[in-house]
Structure formats: structure tokens, C-alpha cells
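Given next are the chains, with one letter for each unit.
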There are 2 protein chains.
Amino acid sequence: MGKNRITIHDVAAKAGVAISSVSRVLSGHLDVSEKMRAKVEAAVAELGYEPDHLAQSLRKGATNTIGFMIRDITNPLFSIVAQSAEHELRKAGYSMILINSHGDLDAEKENFALFKRRRIDGVIASLVSEDSPYVRNTINELGAPVVLLDREVTGLNASAVICDHAQGVKQATADLIKNGNKKIAFVSGRKDVFISRNRIKGFEEAMSDAKIKVDENFMRLGKFGEEFAYEQTKDLFSGKNQPTALITGGIGASTGALRALKELKLKPGKDIAFVALDEWPMFDVLTADLSSVYRDPEEMGRQSARLILDLIADEAPSQAVVPTTYRPRSSSKAVVHA
Amino acid sequence: MGKNRITIHDVAAKAGVAISSVSRVLSGHLDVSEKMRAKVEAAVAELGYEPDHLAQSLRKGATNTIGFMIRDITNPLFSIVAQSAEHELRKAGYSMILINSHGDLDAEKENFALFKRRRIDGVIASLVSEDSPYVRNTINELGAPVVLLDREVTGLNASAVICDHAQGVKQATADLIKNGNKKIAFVSGRKDVFISRNRIKGFEEAMSDAKIKVDENFMRLGKFGEEFAYEQTKDLFSGKNQPTALITGGIGASTGALRALKELKLKPGKDIAFVALDEWPMFDVLTADLSSVYRDPEEMGRQSARLILDLIADEAPSQAVVPTTYRPRSSSKAVVHA
DNA sequence: TTAGACTTAGGAATCGTTTCCAGTAATTAC
DNA sequence: GTAATTACTGGAAACGATTCCTAAGTCTAA
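No experiment lies behind these values; they were computed from the predicted model shown. Every chain is numbered on its own, with residues counted from 1 as its sequence reads. Just so you know, chain letters begin at A and ligand numbers begin at 1, following the order they were written in. The model is predicted, so local features are restricted to residues of pLDDT at least 70 and side-chain atom pairs to those at 80 or more, both for listing and for counting; the totals for chains, interfaces and linings are taken over all residues. Computation of side-chain values: all heavy atoms of the structure, hydrogens and water removed.

Quick notes on the relation of the copies chain B and chain A
Next, step 1: Take chain B, turn it by 180 degrees, move it 0.1 Å along the axis, and it overlays chain A with an RMSD of 0.2 Å. Such a combination of rotation and displacement between the chain copies is what one expects of a two-fold axis. For chain B, the minimum C-alpha distance to the rotation axis belongs to B:Ile97 and amounts to 2.2 Å. The fit set for superposing copies consists of C-alpha atoms from residues with pLDDT of at least 70 in both; the fit itself is least squares.

In C-alpha cells form, the structure reads like this:
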């Protein structure tokens, strides 16, 4: 149907001028007479011409496209980050190509290759892997700037949006302690991942401040995701030495833990103190007044967009720190237990 | 840094052959000798050459890119649809450009224009608007096939994934009636939108089957989204003629209604029967056993990908129907009330 | 040995832009 | 009135691939 695309040739022919002149008018170049401008603009309007983005990209060497790689857009936190970043990039004239890595390292590598082939102008990514030779290599070979989410980057030509997890977790832990909890369990992902490490730091600081020794048996650091947290929670509350409070790292972990607690008939805020790290949609409506540590995903999206645009504009890499705030609700109150 | 991109020229020079020969080898063309193949492949491997997707697209006239437009990727249902579609398209060699329309008609128009300029190979969209001259025009002018989500398309060169909302709602309503409810309120979006219309159809059928007259005062059809549902729910349960059961259409509406019910201290399944249309993540864990009408978002994503690929392969437009299933839980049980 | 058929490789056009380079026309200065 | 400057414009070369067309080379058959 609309097979016959209108090109700059058609416009030039209609206006009776050279192709280069049309281009000059359209790009707002200065050296163009009023008469020329009028002629071209009339032809453009009449034909309904719109420049082909593909050809422009090829010629200019810039695609105005940002690759956004994420483990799983289904994660409500990251879907907000993505949305907010997209909105911001859009305003700057960029489109966003979205790719899920499904937490798979091979997929991640492939995605970087795809980005490269597509000549993306920049990448915002929440990586599976931590800092490693592989990561450094890929980022260097990419030939485009990179912004990492929740990763410490050192000596790499990349910016990062990092959340100050420690701060919020520290506050939360302190509050649990103040409420009489000493035996606090912590269920989260691998310790060598930045986000876990950072959260644990806050946890340990608060414990140390209160002169409470951390019980290693209560530190369940293995995998992100629902299943691991489910199993660990079940296990934590089956033995003799049971915690009185529970902190769960991330949305998946919180879900798994809540599922387990439900089955164990332990009600957060009644039978056990509970703090979830990160919130999800309808958090306040749906959860029975769960306390949380909150970080603003929209802000994360905005910052990541800003950072990548800065890098594209050839500014030096930098970091944006997003604060986290403890939101006490009834689930972290004192618990009389064991 | 990696400024000097490796092109097909470099490969040709290194292998000592013509550019066209390199292209022929790489595209797996038949008429190429073994010796040539070996030479070229060696050069490709040595230089680490990867063809430029941009140049390929320009020449071939296909970008292997699908535009995915959605009101709001933050909506958990649609984020799953997007993820699933992306996964499927990826397997077929396509990438996905994601754009939010924020439910804004102007943004939607702009997005279509963007897709066109980017020479997208196809579009999957959840439109703001219903069938209208504007929609027909844009889709026809787009020059690329379109798959619409939850829209009836008639006489349009587009496929659609439509959910059989009526079926699930009918079952749910029948169950509410069986449980003794006669005064059933229905809070949802505008009646002229396909999804609402379809749901109401199921509702009215069940009511009609049970010979219960629909009380127009209980039909609160205005806007999608949290706020409207919140207000309407508050209003429904403030007057003298109060319903005993409530059905809410969509995740936003359910949230708003639940928030209102919470404030009104009406507990679903205890003080009022309640059915939510659509589920959201952790539905079973977080909600107090809410009944729901479920549709499989992953299936929606898969089907939309399949349909767009079919259209690109020049098959005739078609429709995929995704079933909905009523999932009774304790919130829809009988309520002794007023 | 030569004509004809068949492989295979190279050259050039093309996709739709931008941008550099000349060159013409208009303007100013002397 | 001529030279020097300036203001525009058109032509052509990129960008990096694919593909058509042609020609060279190989092989078979008479």
C-alpha cells in the first residue's frame, strides 16, 4: 500500500531545488534564504514529508537510541525505572530499546552484541554480573557509553546510579532493635553482589552500634528471588533458635518470605517483626501495614537518563546516589516471642 | 576509543576479494566457492567483523524492529505482556522499541509518527482510543502491520489479540448470585471501550440469566484508574441503597476500590463480596483471598508476537482470542448484609 | 579447437540522508 | 568599473551494507 515512501528527492523535485538545500532547510542551517525556506517548507507540507530516521542515523553515525537492559521488566520496581527513563529520554529525542536478560549471563552478552550491531548511542543496564574482566571488556568494546544500575564502577568508562541501601537498612534495623528485637534474620541475595553487600553493611552497622552480635545462622544470603526466600524462611522458623524479626532483601525475597509466613501462620507485626526492602505497587493497600525501606524508582530512571545523556554529550563519567528511606509501619513493632 | 569501526571494506581488503563477495558469503548465498568462503570467513574471524545493522536495514528496507506502545509499562499486567512479547520476538530476530503513551491521545499520535520515521517493521499497541477515523487513518498510513491489544478491529488491515472478558465475568457474576448476592455493583472504565463493554456484557448476561434487574445506580462506568474507583466505591457505600457485592474492572480500579474499602472498614469476603478483574503480582499472597477473573498475560504477549510476525510474513490479518477464567476464592462468598 | 552452458567474482548502482567543496550571484569597498 | 568579500546554492562524495548485471573462467560436447 503505502509502498512509495516520500523521500527528500521528491521534496527537492517538487520545490525545484537541490537535495542539499532541502536538507539544509530542514536541519535549520543558517545559510539559507527566506525564499528557499518558503519553497521547501511548502513542498514538505504538501507532500507530508518526514525524514527517514534510518538514513539519518547511518549518515550521522548516531541512532538516537538507548538500549535498556534489565533482568526482568516484570519486576515492578524496574518497570517504573524503565518507564521513567523512557519518558526522560523521549524528551531528549531518544528512543529506548528494551531487552530482558532473564538474569542469564549468556543472554546478557548476546544483548550487548546486539546493542553494538544496532549502533546504539548508549546503554542503561542492570547487570547480572558484578564487576569482572568480562564486564570491563564488553563495556570497553561496546564503543558507546554505559550507565549501570546499582553497581560500583571503578576505573571504568561508565557512570552509575547507585542507591544508598545501607542508610535505609541501618535505620530499619535500628528501629527493630529499639522495639526490642535482638534476633533479627536477614534473607537476601548473594553477598558478593553490590546491593546485598551494601544492605548488609547497614544491617551490621546498626547491630554493631547496639552491641548485638550478628548470629550467622540468621544471615541467609544465597539467591535473589522468591523460592530461596521461601525455603529459608520456612527453615528459620522451624528450628529451636528462631528469630523475632525478619528483613527481606528485594521484592522477590519479600514475596517468598510472606508466602512462607502465611503458611506458617505467622502474622507480620503480630507474631513476628518484619521489614521489606523495596516496595511494590499497592504496597500500602495490600500489605498488612508492612514496614519497608523505600527507594524512588522514578528518580532512578530520571537519573539514569540524565547520566547517559551526559556521557553522550562527552562529559566525564559520574555517579548519582539515590537515597533510601525507612518507612516504619506497624509490622516492625515490638514482638514478644520465645 | 573504538572509533574505527570494522566494515565490510576491511574484510574485503584483508581477504583480497570484492565487497560483494564478502556479502555473498555472509548471507549464505549459494554461488560461492569453498576457497572464497574460507578466505572470507578467516578474515571475518580475524577482524571480529559484525555487519552494521543500520546499513543492512537501509538497504534491505526492513529494520527487524517492532514498536510496542502501551499506556503504561508500570501496569503489572502489561509489563508481563511486554516481556513475553519481547522474548518471543527476540527469538525471531526482532528487537522491541518500547514507548509509553501515558494514556494520552496526542502522545499516541506522536508515537505512531515516530514508529513510521524509524521504519519499524510492525507495531503492537494497546491504544488509548477506540476504533475511529483517526485510528484507521494512522494505521493505514503507517505502512507497517499492526496488532492491537484488546480491540475489535473491523475492516482494518490489522490483527488483534482480544480477551474473552465476558466469559470470565459471567462466571464470576453467576457465582456471586449463587452465593446470595443480588445487589452487585460494577466499577470500571468508559462503556464505549471494548474491554468495558465486553465485561459488562458478561455481567448483564449472568444477571439476566438469574432474572435480576441491573440497578443502574450500581453501574459506575467512567474512567479507568485508581482515583475514579476510589471515589465511586466511597459513594456506593455511603448512601442508603448499598450493594452487597462489588466487581472492579482492571488493576487500577481494584486498587482504588480496595483502598476505599479499607478506609470504610469493609472487609472483602466478610462485609462485602468482592471480585477483582485481572490479577497482579503476588495476588495470592498479598490479597486476603480475593476472587478474580484471570487472563494470562504471557499468552497475550506470545499471541501478539505471533500475529505481528504473521502479518510481516504477509499473511492475512486475524484474531487471537485469549480466554479468561474465574478464580473463586473466599472473597466472593455469601454475605449477610443490609 | 571452438561454441555453448554453467560457475563464480567483481563493479557499480542503490537505500535516503548529511556535509564538504566549488562556484555563482550579490554586495560592498576602493 | 573592478576587485574582494559575502551569501547562497548545487553537485558529489560519503555512511555501510545488498544485489543486479556483466564478464571472466571452467567445463563439457561436438
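Remarks on the protein's contact with DNA strand C
Next, step 1: Throughout, near means a residue has at least one heavy atom within 4 Å of the molecule or strand. Every one of the 28 residues lining DNA strand C counts as a neighbour, but A:Ile8, A:Ser23, A:Arg59, B:Ser33 and B:Arg59 are closest to it.
Next, step 2: Close to the protein, within 4 Å, the atoms of DNA strand C belong to sugar or phosphate groups at a rate of 60%.
Next, step 3: Think of a polar contact as two N or O atoms within 3.5 Å of one another; within protein, one of them needs to be a possible hydrogen donor and the other a possible acceptor, and neighboring residues in sequence only count if both atoms come from side chains. Residue A:Ile8 places a main-chain N or O atom 2.7 Å away from a phosphate oxygen belonging to DNA strand C.
Next, step 4: Here a phosphate oxygen of DNA strand C and a side-chain polar atom of A:Gln56 are 3.0 Å apart.
Next, step 5: Each helix is a run of H or I in the DSSP string that is no shorter than four residues. Each strand is a run of E no shorter than two, and both are numbered from the N terminus. Counting only elements with at least two residues in the surface near DNA strand C, the list comes to helix H1 (8-15), helix H2 (19-26) and helix H4 (53-60) of chain A together with helix H2 (19-26) and helix H4 (53-60) of chain B.
Next, step 6: A class-by-class count of the residues in the surface near DNA strand C yields 10 nonpolar, eight polar and 10 charged. Amino acids outside the nonpolar list (Ala, Val, Leu, Ile, Met, Phe, Trp, Tyr, Cys, Pro) and the charged list (Asp, Glu, Lys, Arg) are all regarded as polar, and Gly is one of them.

A word on the protein's contact with DNA strand D
Next, step 1: Surveying the vicinity of DNA strand D reveals 25 residues, the closest of which are A:Ser33, B:Ile8, B:Ser23, B:Asp52 and B:Arg59.
Next, step 2: Considering the 4 Å shell around the protein, atoms of DNA strand D inside it are sugar or phosphate in 58% of instances.
Next, step 3: Within the side chain of A:Arg24, a nitrogen or oxygen atom sits 2.9 Å from a base oxygen of DNA strand D.
Next, step 4: Counting residues per element, the surface near DNA strand D draws most heavily on H2(B), which supplies four residues.
Next, step 5: Here the surface near DNA strand D is composed, by residue class, of 10 nonpolar, seven polar and eight charged.

Quick notes on the sheet that holds strand S12 (residues 324-327) of chain A
Strands in a sheet are paired, the pairing made by backbone hydrogen bonds, and the direction either parallel or antiparallel.
Residues and elements named next belong to chain A.
Next, step 1: Two strands qualify as a pair provided that DSSP identifies no fewer than 2 bridges between them. If you trace the six strands from one edge of the open sheet to the other, you get S7-S6-S8-S9-S10-S12, paired in mixed fashion. Of all strands in the sheet, those bounded by a partner on one side alone are strand S7 (219-222) and S12. Strand-to-strand twist in this sheet, taken as the mean axis angle between neighbours without regard to direction, amounts to 10 degrees.
Next, step 2: With four bridges connecting them, strand S6 (residues 184-189) and strand S8 (residues 245-249) associate as parallel partners. For Ala185, the partnering residue across the bridge sits in S8 and is Leu246.
Next, step 3: In what follows, a contact means two residues having at least one pair of non-hydrogen atoms within 4.5 Å. Whenever a helix is involved, its axis is fitted only over the stretch in contact; in every case the axis is a line through C-alpha atoms, and angles between N-to-C directions fall within 0 to 180 degrees. In this fold helix H9 (residues 194-209) packs onto S6, S7, S8, strand S9 (273-277) and strand S10 (291-295), with an angle of close to 165 degrees to the strand it touches most, S6.

Let's talk about the pattern of salt bridges
Next, step 1: Salt bridges are identified by distance alone: a Lys or Arg side-chain nitrogen within 4 Å of an Asp or Glu carboxyl oxygen. One pass over the full model with this rule turns up 44 salt bridges over all chains.
Next, step 2: Here A:Arg119 ties to B:Asp52 by a salt bridge, and the two come within 2.5 Å at their closest N and O atoms. Of the two residues, A:Arg119 sits in the loop between helix H6 (105-117) and strand S3 (122-125) while B:Asp52 sits in the loop between helix H3 (34-47) and H4, which places them in two different chains. No difference in accessibility class separates A:Arg119 from B:Asp52, as the two residues are buried.
Next, step 3: B:Arg199 is the partner of B:Asp278 in a salt bridge, and the nearest nitrogen-oxygen pair spans 3.4 Å. Of this pair, B:Asp278 sits in the loop between strand S9 (273-277) and helix H12 (283-286) while B:Arg199 sits in helix H9 (residues 194-209), and the two are 79 residues apart along the sequence.
Next, step 4: Overlapping salt bridges bring together A:Asp150, A:Arg199, A:Asp278 and A:Arg295 as one network. Using a 1.4 Å probe on the protein chains alone, a residue whose accessible area is under 20% of its type maximum counts as buried, one over 50% counts as exposed, and one in between counts as partly exposed.

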